[in-house]
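Architecture and fold: a report
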Amino acid sequence: MSEHMTQPRPPRWLKPMNKVMMAVQRLGLPTGPAMVLTVPGRKTGKPRSTPMTPFHHDGGLYTVAGYPGADWAANARAAGAGTLTRGRRSRPVRIVELPPEQSRPVLRAFADKVPVGVGFAKRSGLVIDGTPDEFEKLAGRLTVFRLDPL
């Protein structure tokens, strides 16, 4: 494995694209399956919003951090709760981080249910083909959260 595969960084276009996605959401326009999770920042306490693509699996709603060490994941972990918004609809959620052994089947499902996330992981060098087996092997490297209604 090359060095860039061990510590992927977010692509340069990610922050500008996230800002566009959030502006579209604020206009009340749903953007496909994407939603915005807002949690208080762990240092400032100010609301921090991040677009993501939650998906349903085995009766729960889940989301996966796009790369190891994502700031939004650290904020979500510290907050334990936030607001999930799609278009003009918002709902409070409890944010539950899964341990690696529980995240494996969710990561396998992610490979099939979130094509945009698979493409992101390929471009970031986390996976080569985007198969369920490749994603399952990322358990413990990628943060997986269950988003429970409050």
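Preceding this paragraph is the structure being described.
This report concerns the structure included in the present document. These numbers come from a predicted model, not from an experiment.

**A short note on the environment of Pro92**
Here Pro92 shows up in strand β6 (residues 89-97). Judged by relative accessible area, Pro92 falls into the partly exposed class, the value being 44%. Here Pro92 is in contact with Gly82, Thr83, Asp148, Pro149 and Leu150, once residues within four sequence places are set aside.

**Comments concerning the environment of Arg77**
Mapped onto the secondary structure, Arg77 falls in helix α3 (residues 71-79). Here Arg77 falls in the partly exposed class, since its relative accessible area comes to 42%. Once the C-alpha coordinates of Arg77 and Val96 are considered, the two residues, 19 residues apart in sequence, prove to be 7.7 Å apart. In contact with Arg77, not counting residues within four places along its chain, are Glu97, Thr143 and Phe145. In this structure the side chain of Arg77 is engaged in a polar contact, spanning 2.6 Å, whose partner is the side chain of Glu97. Of the polar contacts made by the side chain of Arg77, one reaches the side chain of Thr143; its length is 3.2 Å.

**Some remarks on the side chain of Thr63**
Tracing the sequence through the fold places Thr63 in strand β4 (residues 60-64). Ignoring sequence-local partners within four residues, the contact set of Thr63 consists of Met52, Thr53, Pro54, Trp72, Thr143, Val144, Phe145 and Leu147.

**Section: empty space enclosed by the protein**
A full pass over the atoms with the stated rule returns one cavity of 30 Å³ or more. Within this model, the largest cavity holds a volume of roughly 30 Å³. In this structure, the largest cavity is lined by Leu37, Val39, Arg48, Thr50 and Trp72. Of all the elements in the fold, those that place two or more residues in the lining of the largest cavity are β1 (35-40) and β2 (47-52). Here the lining of the largest cavity is composed, by residue class, of three nonpolar, one polar and one charged.

**Re the nonpolar core**
Side chains of a nonpolar character, in soluble globular proteins, are inclined to be buried together. If you look at the biggest cluster of nonpolar residues, it comprises 19 residues, and the most contacted ones within it are Phe55, Val64, Phe135 and Val144. Broken down by secondary-structure element, the contributors of at least two residues to this core are β4, α4 (100-113) and α5 (115-124). Here this core gets five residues from one element, more than from any other, and that element is α4. Among the nonpolar cores identified, the runner-up in size contains 17 residues, and Met35, Met52, Ala70 and Ile95 belong to it.

About the cut-offs
- Residues numbered from 1 in each chain as written.
- Predicted model: local features only at pLDDT ≥ 70, side-chain atom pairs only at ≥ 80, totals over all residues.
- Heavy atoms only, no water.
- Helix = DSSP H or I, 4+ residues; strand = E, 2+ residues; numbered from the N terminus.
- Buried < 20%, exposed > 50% of the residue type's maximum accessible area, 1.4 Å probe, protein only.
- Contact = heavy atoms within 4.5 Å.
- Polar contact = N/O pair within 3.5 Å; in protein donor to acceptor, adjacent residues only side chain to side chain.
- 1 Å grid on protein atoms, 1.4 Å probe; cavity = no way out; pocket = protein on both sides within 12 Å on 5 of 7 lines; lining within 4 Å.
- Points joined across faces, edges and corners; volume = space filled by probe spheres on them.
- Nonpolar A, V, L, I, M, F, W, Y, C, P; charged D, E, K, R; others polar.
- Core = buried A, V, L, I, M, F, W, Y, C linked by side-chain atoms within 4.5 Å.

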